[in-house]
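A structural walkthrough
Here is how the chains run, residue by residue.
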Amino acid sequence: FTSDAYPNLKRNPNFAEISAEDVAHFKELLGSQSAVIDGVTTDATDDIEPFNSDWMRKYRGHTRLVLKPQNAQEVSKVLKYCNERKLAVVPQGGNTGLVGGSVPVFDEIVINTSRMNQIRSFDAASGVLVADAGVILETADQYLAEREHLFPLDLGAKGSCHIGGNVSTNAGGLRLLRYGSLHGSVLGLEAVLPDGTIVDALSTLRKNNTGYDLKQLFIGSEGTIGLVTAVSIQCPPRPKAVNVAYFGLESFEQVQQAYLAAKGQLSEILSAFELMDGRSQKLVIESTGNKHPLEGEYPFYCLVETSGSNAEHDMAKLESFLESVMGDGIVADGVLAQDETQFQALWRWREGITESLSHLGGTYKYDVSIPLADLYLLVEDCKARLTEKGLVGDDDSFPVRAVVGYGHMGDSNLHLNVAVRQYNKEVEKAIEPWVYEWIQKRQGSISAEHGLGVAKREFIGYSQNETMVKLMKQLKNLYDPNGIMNPYKYI
Ligand code: FAD
Ligand code: 2HG
Ligand code: ZN
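Notes on the structure in this doc start here. Keep in mind that what you see is a predicted model, and the values were worked out from it rather than measured.

Attention now moves to helix H4 (residues 72-85). With 14 residues, H4 should cover 20 Å at 1.5 Å per step; its first-to-last C-alpha distance of 20 Å lies within 8% of that length. One side-chain oxygen of the residue at the start of H4 lies 3.2 Å from the amide nitrogen of Gln-73, identifying that residue as Asn-71. A positive phi of about 55 degrees marks Lys-86, the residue just after H4.

Glancing now at the site of ligand 2. Around ligand 2 lies a shell formed by Leu-98, Arg-350, Thr-354, Lys-365, Tyr-406, His-408, His-415, Asn-417, Glu-449 and His-450. Here an oxygen atom of ligand 2 sits 2.6 Å away from a polar atom, N or O, in the side chain of Lys-365. Asn-417 places a side-chain nitrogen or oxygen 3.1 Å from an oxygen atom of ligand 2. Protein contacts shield 87% of the accessible area of ligand 2, which totals 290 Å² for the unbound molecule.

Inspection of the region around ligand 1 gives 35 residues, with Pro-91, Gly-93, Thr-96, Gly-97 and Asn-166 positioned closest. Here Pro-91 contributes a backbone N or O atom positioned 2.6 Å from an oxygen atom of ligand 1. For ligand 1, the accessible surface in isolation is 970 Å², of which the surrounding protein chains cover 96%. Listing elements by their share of the shell around ligand 1, those giving two or more residues are strand E3 (89-92), helix H6 (163-169) and strand E9 (227-234). Considering every element that reaches the shell around ligand 1, the biggest residue donor is H6, with five residues. Counted by class, the shell around ligand 1 contains nine nonpolar, 24 polar and two charged residues.

Its twelve residues place the ends of helix H13 (residues 340-351) 16 Å apart at the C-alpha level, agreeing with the 16 Å of an ideal helix rising 1.5 Å per residue. All buried positions along H13 are accounted for by Phe-343, Leu-346, Trp-347, Trp-349 and Arg-350. An end-on view of H13 places all buried positions within 145 degrees of arc, on one side of the element. Where H13 starts, the residue carrying a side-chain oxygen 3.1 Å from the main-chain nitrogen of Thr-341 turns out to be Asp-339.

So, on to the pairing of strand E5 (residues 119-123). Sheet topology places E5 next to strand E6 (residues 128-132); four bridges connect them, and they run antiparallel. Each bridged residue has a counterpart across the sheet, and for Ile-119 the counterpart in E6 is Ala-131. Connecting the antiparallel pair E5 and E6 is a turn made up of four residues, with Gly-127 showing a positive phi of about 75 degrees.

To describe two helices that pack against each other, one gives the angle between their axes and the distance between the axes. Contact pair helix H15 (residues 377-388) / helix H17 (residues 434-441): the axes reach a minimum separation of 11 Å and the direction vectors enclose 150 degrees. When you trace H15 past H17, the crossing you get is right-handed. The residues of H17 that touch H15, namely those facing Leu-377, Leu-378, Asp-381, Cys-382 and Arg-385, are Trp-434, Val-435 and Trp-438. For the contact of H15 with H17, a count of residues per class yields six nonpolar, no polar and two charged.

Now for the layout of surface pockets. Its volume calculated, the second largest pocket comes out at about 710 Å³. If you go around the second largest pocket, you meet 30 residues; those closest to its centre are Ile-219, Gly-220, Gln-464, Met-472 and Tyr-490. Among the secondary structure elements, those contributing two or more residues to the lining of the second largest pocket are helix H9 (215-218) and helix H18 (466-479). When residues of the lining of the second largest pocket are assigned to their parent elements, the largest contribution, five residues, is made by H18.

Quick look at the sheet that holds strand E7 (residues 186-192) now. Taken together, five strands build an open sheet; the order of strands is E5-E6-E9-E7-E8 and the sheet is antiparallel. Because the sheet does not close on itself, it has two edges, and the strands there are E5 and strand E8 (198-201). Going across the sheet, the axis of each strand differs from the next one's by a mean of 10 degrees, ignoring polarity. Most of the contacts of H4 go to E7, to which it runs at about 45 degrees, and overall it touches E7, E8 and E9. Packed onto the sheet, helix H5 (residues 137-145) meets E5 and E6 and runs at close to 35 degrees relative to E5.

Bringing the packing of aromatic side chains into the picture now. Within the structure shown, the criterion is met by 19 aromatic pairs. On the basis of an interplanar angle of 65 degrees and a centroid distance of 5.0 Å, the ring pair of Tyr-259 and Phe-273 is categorised as edge-to-face. Residue Tyr-259 is located in helix H10 (residues 252-266), and its partner Phe-273 is located in strand E11 (residues 270-277); the two are separated by 14 residues in the primary sequence. Of the two residues examined, Tyr-259 and Phe-273, each falls in the buried class. Clustering of aromatic rings is evident, with ring pairs tying together Phe-247, Tyr-259, Phe-273 and Phe-321. Positioned above the aromatic ring of Tyr-143 is the side chain of Arg-147, whose terminal nitrogen or guanidinium carbon lies 3.7 Å from the ring centre.

Rules and cut-offs
- Residues numbered from 1 in each chain as written.
- Chains lettered and ligands numbered in written order.
- Predicted model: local features only at pLDDT ≥ 70, side-chain atom pairs only at ≥ 80, totals over all residues.
- Heavy atoms only, no water.
- Helix = DSSP H or I, 4+ residues; strand = E, 2+ residues; numbered from the N terminus.
- Expected span 1.5 Å × (residues − 1).
- Polar contact = N/O pair within 3.5 Å; in protein donor to acceptor, adjacent residues only side chain to side chain.
- Near = heavy atom within 4 Å.
- Areas by Shrake-Rupley, 256 points an atom, 1.4 Å probe, with all protein chains shown as cover.
- Nonpolar A, V, L, I, M, F, W, Y, C, P; charged D, E, K, R; others polar.
- Buried < 20%, exposed > 50% of the residue type's maximum accessible area, 1.4 Å probe, protein only.
- Arc of directions from axis to C-beta.
- Pairing = 2+ DSSP bridges.
- Axes fitted to C-alpha atoms, helices over the stretch in contact; angles between N-to-C directions.
- Left-handed = near helix turned anticlockwise from the far one by under 90°.
- Contact = heavy atoms within 4.5 Å.
- 1 Å grid on protein atoms, 1.4 Å probe; cavity = no way out; pocket = protein on both sides within 12 Å on 5 of 7 lines; lining within 4 Å.
- Points joined across faces, edges and corners; volume = space filled by probe spheres on them.
- Phe/Tyr/Trp six-rings, centres within 6.5 Å; stacked < 30°, edge-to-face > 60°.
- Lys NZ or Arg CZ within 6 Å of the ring centre and 35° of its normal.

Here it is, written out as structure tokens:
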């Protein structure tokens, strides 16, 4: 999978190589013998493999050292030492990132946040949660559920990803439409700069106009300027009633009409509007063996969720929405979840796509933001291009197994995924840079929510102009003059 993942990259000779003295030093820094077993892993055995390999098993690094500090003070000591020694590092949370950003490219030290996993405080009146960066998203949400609140972010990787990783990638997820971006809900954070400075910006205030809002720089910076050690976040009350509808449509034109109708009719209770194409749903059927909720087959499916305070009222609204769009011939067929089990089952048709694709071999992923009217055209054009080049087909002689489109319709965010039997340069060349040019022509973004990592590092220019890239480089140099933080990635 990985032999040619980084054809244009060479190890930066300015970085030092880890010595036995370094390892001894880290062992001393991270505490007693028993803590060290967990805290420093030095064997290049199976144990270290998961830290070197990304979720897609597409990118693989060669670290021999994983450090698991327990707090900002330990991170500070580790980073200060690395900075002085010019040892390059990669911050790593749950390692669910989809752009190869969370694993080393060469021998960078992995600083994993899994032992920084404490909830620090929660204030029910304000809804502000303060937690360590290594708290797993689902754990944070369960903690909040017990207190009738909700983490304002949800995504398919919730069982593994860390909230520090979420903030560092500015993850979008399934309900951004309702709860907004982390740039709005994160109130503060604590981070450590490469020189060991602890940035205490862990404010719990909703409003704070006292100078530059520096915390925003860490949101989405993918570990390139510092390591986030804690987050303070505004959490809404948990909705008392959550309902979901799943339906099939004959055209993308109708998908847009249904979205418009949902916004108009469900307005304040609308909490998700997700799009899945027919091929993506067939893949879920093939990999799970589950029976599809609708009888007929359609080229498009949508999942609509409402979250409100009155179950009966919300259900009546959702029923009347479904009746109206079916009556108007916009939606061909649809179902409503009648209980929690059906609710979860319907969501799995959307959340399970990434996992289903992973069973096919490799996947080229394009996480794009484009004006709504053209959202699905990208999938059609890509399919046509690969067909014309003789790369897609049903039997084993064709390298491409599926071209699918799905995503967060409500955010104009499409996930174009091209599944291949194995990673294949001919396929990659047929898609890139064509796909980026296609997006640029429509003033879109080549990364709506997953970030740039190593996968999109060369393509930032398709979405950011020279001035913006220059300013980013200046910021990077200011925060990380030795360039030790997540090198070879986008900046
Ligand atoms: P990692 O993968 O460990 O790291 C991601 C990046 O952040 C790396 O560059 C890393 O160096 C950096 N980083 C991690 N922790 C820190 C830290 N504490 N300080 C500084 N830098 C850090 N993403 C979405 O936006 N929306 C989705 O709907 C979505 N769904 C997904 C579904 C599945 C099944 C999978 C596998 C992934 C999905 N993702 C989605 C991508 C991924 O889960 C998110 O990007 C997530 O936020 C990454 O969190 P993590 O803890 O796994 O971070
Ligand atoms: C989703 O929305 C995630 O399901 C993953 O962002 C998308 O795998 C992908 O391309
Ligand atoms: Zn997504």
